[in-house]
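Here are the chains, one letter per residue:
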Amino acid sequence: MAQALALPSDMPVARRRRFGAKNTLVHLVLLASVAAVLLPYYLMVSTSVKPIAEIFTDPFKWIPSRLAWENYVDAWNHAPFGRYFLNSVFISVSETLGVLATSALAAYAFSRMRFWGREALFVLFLGTLMIPGEVQLVPNYITIVRLGWLNTYYALIVPWLASVFGIFFMRQFFASIPQELQDAATVDGASHLTFLWRIVVPLSKPAFITVGLLSFLGSWNALTWPLIVTNTPEMRPIMVGLLSFSNEWGTQPRLLMAAATFSVLPILALFFLLQRYFIQGIARAGIKF
Amino acid sequence: MRGLARASSRRRRRLLENVEAWAFLLPAAAVLAVFHFFPILYAFYVSLLKWNMIDPVRPFVGIGNYAALLTDEKFLTALSNTTYFAVVSVLLTIPLALGFAVLLNRKLSGMSWYRTAFFVPHVTSLAAAAMVWHWLYQPDQFGLLNYLIDRVGLPPQRWLLDPAQAMPAIIAVSIWGSIGRDIVIFLAGLQNISPDYYEAAQIDGANGVQSFRYITLPLLSPTTYFVLIVSMIGAFKVFALPLFLTGGGPLDRTLTIVYSIYQQGFQFFRMGYASAQAYALFAVIFVITMLQRRVLAPRVHYDT
Amino acid sequence: MKVGRALRAAVASLLLAAVLVLPAGAGGPVSITFWHGMSGVLNPAIDELTNDFNKLNPGIAVAAQYQGNYGALNQKLIAAVAAGQPPTITQLFPTWTEQLIQAKAIVPVQNFFSGPDGLSEEEVADILPLLRQTNTFNGVQWTMPFNKSLYLLFYNEDLLKQNNLRVPETWDDLLKVAKALTKEEGGRTTRYGFTVRSTEDYFFAFLLTNGGSYLQAGGREVAFNSAAGVEALQFLFDLVQTHKIAYVMSGFADADMGAGKTAMYIATNPGLAFAKAAAAGRFTVGLAPLPYKKNKATILSGTDVAILAKASPEQQAAAWKYIKFITSTNAQARWFMKTYYMPVRRSARDSTLARVYMRDNPEHRAGLDSLAVAKAEPSISEWNEIRTIVNGAVEEALLGKKTPKQALDDAAARANRLLSQRK
């Protein structure tokens, strides 16, 4: 796998592979720190493949005597994880597509169109970023109940189909597209929609990837909202399912760790495949603000 | 004649553009209106009532709920717990993240692997992380952490079950989870500092520590400021960690404000009181953020 | 030509509509839903009862739906009532009933006693009086008891036999037996005689067996911080800190007993299934009435069932039939044998089926004997929160942060404040 790229900037040519006491020390410190950070994951995976007799041992057993794959089979069979996965995929993909669409449209309006009340509306949108989501928890729950959407996909997806962060982030990108391009398109008789779809979107791929990834990540890992609007196994996304699994089978770490492992595997896989976009996205989000 | 016609067609065009713009905004605005703006107002209205969601009788209590907050020991406990958590976790994470970012900024081989490793906890969900940490923090001799400290001769601790250790234990998990994100942001900030500054400093004979203090820190201050504000706001909203690790205990020592909102609203169905607590949280976050701005913004050095 | 084709299309769509629409209205079985929070082995048990009922009553189709644990069931129920889409029947704890009555969300089961499918006076009297009491508000019985349990002492029978110990009957017995069964090896305790869960039910169990009570007469103030209560909490504290023959935990005591960490603990009778699973055949689990000091007593726990007011009269009648069935003598005897919940009818308890079962499984004697001395918790809606407050007090006392008297007095003050807000 290629090394993740560093951010574009004028960096001096690296003095790579400088052997010396200082650099060895740096490596040691980093290695030790990373080992500490990754220790929980080792515990998770090693417990998930330990046979039941080796879990509660004194002293702690670092390496299991054999790979107890039956833990995974048992965990999978004790709860409808297949359904949980399906739910998560459906919910997260829908939300991400929704956010990308609504954010692109709104960001375009804010950055490339003139309309009455544009600045005021933008400030209003920004203001909501300051409000903690918990203020909206109770009223949204009441709204969902009144609409009869409790324990449905609507409740899980609809409230998250737009994101102020997404709008803001894309606006920055769209704003940097030269006005000449837009003028040329107008002269050619293109509508705003055509300009957006044909020119702006292809030019803003990094923004779309970033917003898409962050949105997907947030949706996949979401807990508070899905927790309160779902009550039956059929509707639970994977993380809420994992939680209810721990309520029932919490006394059996081998099952719990197996479930935890295969719950994080998809996102981890996605992360490793697209890590440069993840990392660049977070970094950009930090800088742009 | 023609002037008038042109003016009115211009007006029509502008009107059309307005309508078109609003059409572009509509999808996002509709969702945000219903699920973000309206709830903010509705929450305030509900906070003035005493209501359990099904009772047709909903007495208006005005500021009664807010007044009750001031004398509610449980809420005040949650407030102090949350403040403790936020201050300690943020003040520990930022220097650590900055330190690691500086180390990672050296052009040695393998840096990106380290950075990826630090970042993994940010990507995995809190539910899974909490489960593993709960197992790690097992209070008896079977817990991995107790095993490790036993190797250095310390007796097994109760960790999440000990009122004094529970919150620090949660803070540790929080640092573990967010350090990667902060490292990445700091790294980006560091790499944005022009090397000319460092070269100039070297020519003037400055050593590593001095250039860190007089060049890196000031030029990094916008980034630091950003991380500080965002981390603090996020820390005040902590909920998932105590929910999965300690259930708010022991002795309510890990009860946080959002946890309290959840309890009041979704376990005791005190919708009015829960909404009042949510607004109180907003007020706290607002005040803290404004304080931070007042104190820190003047110290932020922008590279002009 | 065109007219002909159009006509044919119209007829076809009318026929299609008729086929689709008509059967829905054409008198199929009355369809009702039953929301419950029973998981594990209880889920198939209720499904079995439900299937039997459906077979015996072809005009009714009951769907028993598991809604998650009781916390989730409560949330879902309140939300459904608020949204106007509740189930037909719901399982509920006595502490939930008041709210639902105030919101006019349920109809009293008493209404159905005198109907065509009703209960004779004998049949009504057959239901254990204590249970009918807890379900009666202002003289009207609103809900029907369904799965009731009580607290018993669970113990490792083999361990007691091996050490020639008799099953403890009083608090002093408990102390002695726990001491005898606590084992130390190399400076560390490898087995404790007793487990103390830092929960309010543990405290209440010892409060009641010391002659204490939950509320004062009149129900406006709590009574758990009486001398009896302080003594009870002190006793638990002493077991842990002074004698060091018990340890505090908040998890699953049956798992600990199965792992050999403890010899005795307190739990409700359905917990027997978990205890047996944890023992996995390595030892026999015994049940005994709670050890007492002043009087024999135990806590009555468990849920009832209620009919929701939003249901149509047909549905309500069908719901009543179902409730009548699952609380009938035969069904309750079978329910008892499958789930270890107490039968709600005397006739079920005395039936041949139950008696034969008890002869072969004598550990259940303890539960049935304790039924006579069971006390129910107050069925007021504030009680849930008061339990949480008491839980906090128990934790504080057991961890030595406050003396038992201080902890209970503080808790009583907060609880009384809650109660004073009752209209």
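Residues numbered from 1 in each chain as written. Chains lettered and ligands numbered in written order. Predicted model: local features only at pLDDT ≥ 70, side-chain atom pairs only at ≥ 80, totals over all residues.

**Student:** Whenever I open this one, the overall build of chain C confuses me. Can you help?
**Tutor:** Helix and strand counts for chain C stand at 19 helices and 14 strands. Considering only contacts within chain C whose residues lie at least 6 apart along the sequence, 74% involve residues at least 24 apart. (Helix = DSSP H or I, 4+ residues; strand = E, 2+ residues; numbered from the N terminus. Contact = placed C-beta atoms within 7 Å.)

**Student:** How should the overall build of chain B be read in this particular structure?
**Tutor:** Helices and strands together make up the secondary structure of chain B, namely 12 helices and 0 strands. Starting at the N terminus and ending at the C terminus, chain B contains elements arranged as α-α-α-α-α-α-α-α-α-α-α-α. Radius of gyration (C-alpha) of chain B: 26 Å, far over the 19 Å computed for a compact globule of 304 residues. Projected onto its principal axes, the C-alpha positions of chain B cover 90 × 70 × 35 Å. Burial analysis of chain B (304 residues in total) assigns 44% to the buried set. Contacts in chain B between residues at least 24 apart in sequence constitute 69% of all its contacts with a sequence separation of at least 6. (Rg over C-alpha atoms; globule rule 2.2 N^0.38 Å. Buried ≥ 20, exposed ≤ 12 C-beta atoms within 10 Å, placed from the backbone.)

**Student:** Please clarify how the confidence of the model for chain B should be interpreted in this entry.
**Tutor:** Atom-level detail of predicted coordinates should not be read off regions where pLDDT is low. Mean pLDDT over chain B stands at 88; residues scoring 70 or higher make up 98%. Per-element averaging of pLDDT across chain B places helix α8 (residues 195-203) of chain B at the bottom with 84 and helix α3 (residues 73-104) of chain B at the top with 94. (pLDDT = per-residue confidence, 0-100.)

**Student:** Would you explain the interface of chain B and chain A in this entry?
**Tutor:** The partner chain A presents 81 residues to the 74 residues of chain B that form the contact. The biggest single contributor to the side of chain B that touches chain A is helix α1 (residues 2-46) of chain B, with 19 residues. Looking at the side of chain B that touches chain A residue by residue, the classes come out as 55 nonpolar, 13 polar and 6 charged. (Nonpolar A, V, L, I, M, F, W, Y, C, P; charged D, E, K, R; others polar.)

**Student:** Help me out: how do you make sense of the domain arrangement of chain C in this one?
**Tutor:** A common way to report how large an interface is uses the accessible area buried once the components associate. Residue and element names in this part refer to chain C. Assigned domains within chain C: domain 1 (30-148 + 302-370) and domain 2 (150-300 + 376-420). Counting residues at the interface gives 19 residues for domain 1, matched by 18 residues for domain 2. Secondary structure elements with two or more residues in the side of domain 1 that touches domain 2: α4 (94-102), α6 (129-134) and α17 (365-370). When residues in the side of domain 1 that touches domain 2 are grouped by element, the largest group, 5 residues, is from α4. Per-class residue counts for the side of domain 1 that touches domain 2 are 7 nonpolar, 8 polar and 4 charged. (Domains from an automatic or database assignment.)

**Student:** Just to check I follow, could you spell out the nonpolar core for this structure?
**Tutor:** Counting 288 residues, the largest nonpolar core has C:Phe154, C:Phe194 and C:Leu236 as the members making the most contacts within it. The leading source of residues in this core is helix α7 (residues 166-191) of chain B, at 13 residues. Excluding residues within four positions of it along the chain, C:Phe194 makes contact with C:Leu174, C:Ala178, C:Leu239, C:Ile245, C:Ala246, C:Thr262, C:Ala263, C:Met264 and C:Tyr265. (Core = buried A, V, L, I, M, F, W, Y, C linked by C-beta atoms within 7 Å.)

**Student:** How should I be thinking about helix α1 (residues 21-48) of chain A in this particular structure?
**Tutor:** Owing to its 3.6 residues per turn, the α-helix brings residues three or four apart onto one side. Residues and elements named next belong to chain A. When the terminal C-alpha atoms of α1 are compared, their 39 Å separation across 28 residues agrees well with the 40 Å that a helix rising 1.5 Å per residue should span. Along α1, the largest kink reaches about 40° and is centred on Leu38; proline Pro40 follows within four residues of it. What α1 keeps buried is the set Leu30, Val37, Pro40, Tyr41, Leu43, Met44, Thr47 and Ser48. (Expected span 1.5 Å × (residues − 1). Bend = angle between axes of the 7 residues up to and from the residue.)

**Student:** Sorry if this is basic, but what is going on with the interface of chain B and chain C here?
**Tutor:** Listed per partner, the contact involves 14 residues of chain B and 16 residues of chain C. For the side of chain B that touches chain C, a count of residues per class yields 9 nonpolar, 3 polar and 2 charged.

**Student:** Teacher, can you tell me more about the environment of C:Lys104 here?
**Tutor:** As for its position among the elements, C:Lys104 is in the loop between α4 and β4 (106-107). Distance from C:Lys104 to C:Lys310, taken between C-alpha atoms, is 9.5 Å for residues 206 residues apart in sequence.

**Student:** Mind showing me how you'd approach the environment of A:Leu268 here?
**Tutor:** Inspection of the secondary structure puts A:Leu268 in helix α13 (residues 253-273). Separated by 105 residues in sequence, A:Leu268 and A:Ser163 have C-alpha atoms that sit 24 Å apart.

**Student:** Explanation requested: the packing of helix α10 (residues 227-242) of chain C against helix α19 (residues 404-420) of chain C in the structure shown.
**Tutor:** When two helices pack together, their arrangement is given by the angle between the helix axes and the distance between those axes. Residue and element names in this part refer to chain C. The geometry of α10 relative to α19 is characterised by a closest axis approach of 9 Å and an angle of 130° between their N-to-C directions. By the angle between their directions, the pair α10 and α19 is classed as oblique. The two elements α10 and α19 cross, and the hand of that crossing is right-handed. On α19, the residues that touch Gly229, Val230, Leu233, Gln234 and Phe237 of α10 are Pro404, Lys405 and Leu408. Partitioned by chemical class, the residues of the contact of α10 with α19 number 5 nonpolar, 2 polar and 1 charged. (Axes fitted to C-alpha atoms, helices over the stretch in contact; angles between N-to-C directions. Parallel < 35°, antiparallel > 145°, perpendicular 65-115°, else oblique. Left-handed = near helix turned anticlockwise from the far one by under 90°.)

**Student:** Sorry, what's going on with the environment of C:Ala277 here?
**Tutor:** All names here are of chain C. Within the secondary structure, Ala277 is located in helix α12 (residues 271-279). A count of 15 C-beta atoms within 10 Å places Ala277 in the partly exposed class. A sequence separation of 97 residues divides Ala277 from Ala374, and the C-alpha atoms of the two residues are 27 Å apart.

**Student:** What am I meant to see in the pairing of strand β13 (residues 298-308) of chain C here?
**Tutor:** On a regular strand, each side chain points to the face opposite its neighbour's, so the side chains alternate between the two faces of the sheet. All names here are of chain C. With 11 of 11 residues buried, β13 lies mostly within the body of the structure. By the bridge criterion, 4 bridges tie strand β3 (residues 89-92) to β13 in an arrangement that is antiparallel. For Thr90, the partnering residue across the bridge sits in β13 and is Ala306. As judged from the 2 bridges shared by β4 and β13, these two strands associate in the antiparallel manner. Within β13, the position partnered with Ile106 by the bridge is Leu308. The pairing of strand β7 (residues 144-156) with β13 spans 6 bridges and is classified as antiparallel. Note on β13: the bridge partner recorded for Ser149 is Ser301. Summarising the sheet, β13 and strand β14 (residues 374-376) pair through 3 bridges and their orientation is parallel. When the sheet's bridge partners are listed, Thr298 is paired in β14 with Ala374. (Pairing = 2+ DSSP bridges.)

**Student:** I'm lost on the packing of helix α4 (residues 118-130) of chain A against helix α7 (residues 164-175) of chain A in this one. Help?
**Tutor:** All names here are of chain A. Relative to each other, α4 and α7 sit at 130°, their axes nearing to 9 Å. Accordingly, the angle class assigned to the pair α4 and α7 is oblique. Of the two elements, α4 crosses α7, and the hand of that crossing is left-handed. Counted together, Phe125, Leu126, Thr128 and Leu129 of α4 and Val164, Ile167 and Phe168 of α7 form the full contact between these two elements. Of the residues belonging to the contact of α4 with α7, the class tally is 6 nonpolar, 1 polar and no charged.

**Student:** Just checking my understanding: could you explain helix α8 (residues 171-181) of chain C for this structure?
**Tutor:** Residues of α8(C) that are buried include every one of C:Trp171, C:Leu174, C:Leu175, C:Val177, C:Ala178 and C:Leu181, and no others. For α8(C), the elements touching its buried residues are α7 (157-162), β9 (188-197), α10, β10 (246-249) and β11 (262-268) of chain C.

**Student:** Looking at this model, I keep getting lost on the confidence of the model for chain C. Mind explaining?
**Tutor:** Residues and elements named next belong to chain C. Of the residues in chain C, 93% have a pLDDT of 70 or more, and the chain-wide mean is 88. Segment residues 21-26 is flagged for pLDDT under 50; beyond a separation of four residues in sequence, or across chains, it makes 1 contact in the model. Our summary of model confidence lists the complex with pTM equal to 0.83 and ipTM equal to 0.84.

**Student:** In this structure, what is going on with unusual backbone geometry? I would like to understand it.
**Tutor:** As a rule of thumb, non-glycine residues mostly have phi less than zero, and peptide bonds are mostly trans rather than cis. All names here are of chain C. The backbone of Asn164 shows a phi angle near 55°, a positive value even though the residue is not glycine. Residue position: Asn164 is located in the loop between α7 and α8. By C-beta crowding, Asn164 is classed as exposed, having 7 other C-beta atoms within 10 Å. Positive phi outside glycine occurs at Lys244, with the angle close to 55°. Structurally, Lys244 can be placed in the loop between α10 and β10.

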